[in-house]
Amino acid sequence: MNTEKAGKTGIIFDMDGTLWDSSRQVADAWSTVTVPRLGQAVTQEDMYRTMGMPMDELAKAIFPEHELSELLPVMEESCRVENEYLAEHGAELYPGLIETIRQLSADYPLYIASNCQTGYIEAFLSYYQIGQYFEDHICFGTNGRPKGENIALLMERNGITRGIYVGDIQADYDAAVQGGAEFIHAAYGFGTVREPVPRLHAFSQLPQLLRSRFAVSAGSFRGCSNT
């Protein structure tokens, strides 16, 4: 019996710092809301140091002098404006991303798990017209759960017995461990990871890394049943 085919392997992606860099676009979109509401613009540097956090933690990190009860409605409006902007304009994809996603999707089921708000992943998929390459996605905005729990939930509802999570910061690694997934560090992204994990220096290297470091053969899992 081929043990590779006994279970279902899924490749699960973080968003920011892994699939794209939307820091400048998000900062500009948010500032149209936060300047009149809070008297403070959001900078690209604010985004770099907070992307990947759940929304409530992110809000307090950027606006520490404000109460969370004041920030939440501002964040809700900011996220709405952000989603609309990204759905219309997109952001900065990492080189070779769309071509690599197409290649990967022919061989492996692909997923996204992020700490973003509802509508953010949808804006990404819609603008680049790549929704057909992903089988499912989940985010903090959908259910308020941290990323580790959502990785586990995504794996459970899709029958994934071996999850491989691709993310760029230490919190992504921690969430992958909590969720029961293996981990690849997107070292081209926003942060570092302390543990000696496989490192991806360009998104286009991912198919080769899956074969060489994870013994995941192209085509081995596309036909597997979810049951």
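Residues numbered from 1 in each chain as written. Predicted model: local features only at pLDDT ≥ 70, side-chain atom pairs only at ≥ 80, totals over all residues. Heavy atoms only, no water.

A. Quick peek at the overall build of the protein. Check the secondary structure of the protein and you find 10 helices and eight strands. Computed over the C-alpha atoms, the radius of gyration of the protein is 18 Å, within 12% of the 17 Å expected from 2.2 N^0.38 for a compact globule of 227 residues. Viewed in the frame of its principal axes, the protein has a C-alpha envelope of about 65 × 30 × 30 Å. The buried share of the protein, taken over its 227 residues, is 54%. For the protein, the proportion of contacts with a sequence separation of at least 24, taken over those separated by at least 6, is 67%. Approximately 10000 Å² of the protein is accessible, and the part contributed by carbon and sulfur atoms is 50%. Charge-centre separation for the protein: the mean point of 17 positive side chains lies 7 Å from the mean point of 30 negative side chains. (Helix = DSSP H or I, 4+ residues; strand = E, 2+ residues; numbered from the N terminus. Rg over C-alpha atoms; globule rule 2.2 N^0.38 Å. Buried < 20%, exposed > 50% of the residue type's maximum accessible area, 1.4 Å probe, protein only. Contact = heavy atoms within 4.5 Å. Areas by Shrake-Rupley, 256 points an atom, 1.4 Å probe, with all protein chains shown as cover. Lys, Arg positive; Asp, Glu negative; His and termini not counted. Charge placed at Lys NZ, Arg CZ, Asp CG, Glu CD.)

B. Region of interest: the pairing of strand 7 (residues 182–186). Burial analysis of strand 7 places four of its five residues in the buried class, the great majority of the element. Two strands pair when backbone bridges link them, and strand 6 (residues 162–167) and strand 7 are joined in this way by four bridges, in the parallel orientation. The partner of Y165 across the bridge, within strand 7, is F183. For the crossover that starts at strand 6, traverses helix 9 (residues 170–179) and ends in the parallel strand 7, the hand is right-handed. Where strand 7 lies against strand 8 (residues 199–200), two bridges are found, and the strand directions are parallel. Along strand 8, the bridge assignment pairs H185 with R199. (Pairing = 2+ DSSP bridges. Right-handed = clockwise from strand over helix to strand, strands pointing away.)

The values reported here are purely geometric and, on their own, carry no functional implication.
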